[in-house]
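Each chain is listed here by its residues.
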Amino acid sequence: MKAILRNKFDLGFFPTPLQHLKQLSKRYPDYNLYIKRDDQTGLASGGNKTRKLEYLIQEAIDENCDTIITAGAQQSNHCRQTAAACAVAGFECHLILGGVNPKVFDGNLLLSYLLGAKIHFSGENRKGEDIEKVKSELESKGKKCFTIPYGGSNITGALGFVNAVRELKEQLTMQKLNIDYIFFASSSGGTQAGLILGMELYELETELMPINIDKIETYDIPIEKYILNLVKSGKEILNIKRDYRLVDIKLIKDYDNAGYGIMTENEKSAILELARTEGIILDPVYTGRAFNGMLDIINNNKIQSNTNVLFWHTGGLPANFHYADKFF
Ligand SMILES: Cc1ncc(COP(=O)(O)O)c(C=O)c1O
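About the thresholds
- Residues numbered from 1 in each chain as written.
- Predicted model: local features only at pLDDT ≥ 70, side-chain atom pairs only at ≥ 80, totals over all residues.
- Heavy atoms only, no water.
- Pairing = 2+ DSSP bridges.
- Helix = DSSP H or I, 4+ residues; strand = E, 2+ residues; numbered from the N terminus.
- Axes fitted to C-alpha atoms, helices over the stretch in contact; angles between N-to-C directions.
- Expected span 1.5 Å × (residues − 1).
- Buried < 20%, exposed > 50% of the residue type's maximum accessible area, 1.4 Å probe, protein only.
- Contact = heavy atoms within 4.5 Å.
- Polar contact = N/O pair within 3.5 Å; in protein donor to acceptor, adjacent residues only side chain to side chain.
- Near = heavy atom within 4 Å.
- Areas by Shrake-Rupley, 256 points an atom, 1.4 Å probe, with all protein chains shown as cover.

A. Region of interest: the sheet that holds strand β1 (residues 18–20). Taken in spatial order, the five strands line up as β1-β2-β9-β7-β8 in an open sheet, and their pairing is mixed. Each of the sheet's edge strands pairs with one partner strand only, and the pair in question is β1 and β8 (207–212). Direction aside, the axes of adjacent strands within the sheet are offset by 25° on average. The pairing of β1 with strand β2 (residues 31–37) spans three bridges and is classified as antiparallel. Considered in β2, the bridge of H20 is made with Y34.

See the structure below:
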């Protein structure tokens, strides 16, 4: 493994299981369906951010910081997992969350509080617009701050998913299995950038099927361009020779219409279908939306049949409790 990929702070349970979805594959006989269980990574109920945080927390340690600041929505899985990582690694954690202080804390917000995070409510701003302001307030009180961008999606965080491809490749080799397509929820772009780089580094031949979650642009450039920039800086660090262009960054934008955080019948039916066939819980914001997209694509035979299809479950379970009334 490259030295840069070894420089991480252990936070999770790896490898996460790679599981055959036996019941669901019977229901969709043209495809053989598998799932990668990153909902089982640990850190206060799992999720993809554990992988990113292993590298981000190590960087904060290397920079001798004592305080970590990040931002997101009130039901942010990234913020909940950052709070857990800070507890484990001994950092003071500040979360800047969109909206106003609610009467009741539930789902991820409740867990972030239980995990000891100091919570700042930031109204309209849910994507880290106020990070610098909070940082200078804390610095004036003598704190040494490390900031993590929205979703943990810088190149340091993306390394978590480069490493994840190595893990998957080892599992596939051991199980003598090929995966033709990998579906996953893509939002702030770090997961996708890491997977793209990891596929090249570890020679994994598969087609990525990233389902876009949030139709509002996060950055001042289009998300595809942001992902491309991450990939370009990652390829330098990892010494990857291949050239990447905008056309290499695919995003399936057919399922984000309802808007971020709005659970519709689509997400609901995907959550119920996987729960009731396989006993696996998705989430209303990310994986429910991505799984619905995958089922729609295979139902309509929009990808080649008689292939092996993997859904990368990126977590999000606690948000279900916030959306409880929408299920009935
Ligand atoms: C459960 C879940 N899945 C997928 C994602 C998307 O990952 P990324 O932001 O790296 O694109 C997130 C991001 O918050 C998430 O919480």
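Read on, since the account is not over.
B. Molecular detail of helix α4 (residues 77–89). Here α4 is 13 residues long and its end C-alpha atoms lie 18 Å apart, about the 18 Å a rise of 1.5 Å per residue gives. Of all the 13 residues making up α4, 10 are buried; the element is thus mostly covered by neighbouring parts of the structure. Among all positions of α4, only N77, H78, C79, R80, Q81, T82, A83, A84, A85 and C86 are buried. Contacts made by the buried residues of α4 are with α3 (49–62), β3 (67–72), β4 (92–97) and α5 (107–114). With a side-chain oxygen positioned 3.2 Å from the backbone nitrogen of H78, the residue opening α4 is S76. At the exit of α4 stands G90, carrying a positive phi of roughly 80°.

C. Spotlight on the site of the ligand. Taken together, 16 residues sit near the ligand, with K52, S187, S188, T191 and T314 positioned nearest. With respect to the ligand, the side chain of K52 contributes an N or O atom lying 2.6 Å from an oxygen atom. Within the side chain of S188, a nitrogen or oxygen atom sits 2.5 Å from an oxygen atom of the ligand. In the complex, 98% of the free accessible area of the ligand, which totals 390 Å², lies under the protein chains. At the level of secondary structure, the elements contributing two or more residues to the shell around the ligand comprise α3, β7 (181–186) and α8 (190–201).

D. A look at the side chain of T41. Mapping T41 onto the fold places it in the loop between β2 and α3. For T41, a relative accessible area of 0% corresponds to the buried category. Within the structure, the side chain of T41 is placed 2.8 Å from the backbone oxygen of G47, a separation counted as a polar contact. Reaching out from T41, the side chain makes a polar contact with the side chain of T50 at a distance of 2.8 Å. Leaving out residues up to four positions away in the same chain, T41 has contacts with L11, G12, F13, F14, T16, G46, G47, T50 and Q81.

E. Seen up close, the sheet that holds β3. Strand order in the open sheet made by the four strands is β5-β4-β3-β6, with parallel pairing throughout. Looking along the sheet, the strands with just one partner apiece sit at the ends: β5 (118–121) and β6 (145–147). Across the sheet, the axes of successive neighbouring strands diverge by a mean angle of 25°, strand direction being ignored. Bridge analysis of β3 against β6 gives three bridges, and the strand direction is parallel. Directly across from T67, in β6, lies its bridge partner C145. Sheet strands touched by α4: β3 and β4. Its angle to β3, the strand with the most contacts, is close to 165°.

Nothing here speaks to function; it is geometry throughout.
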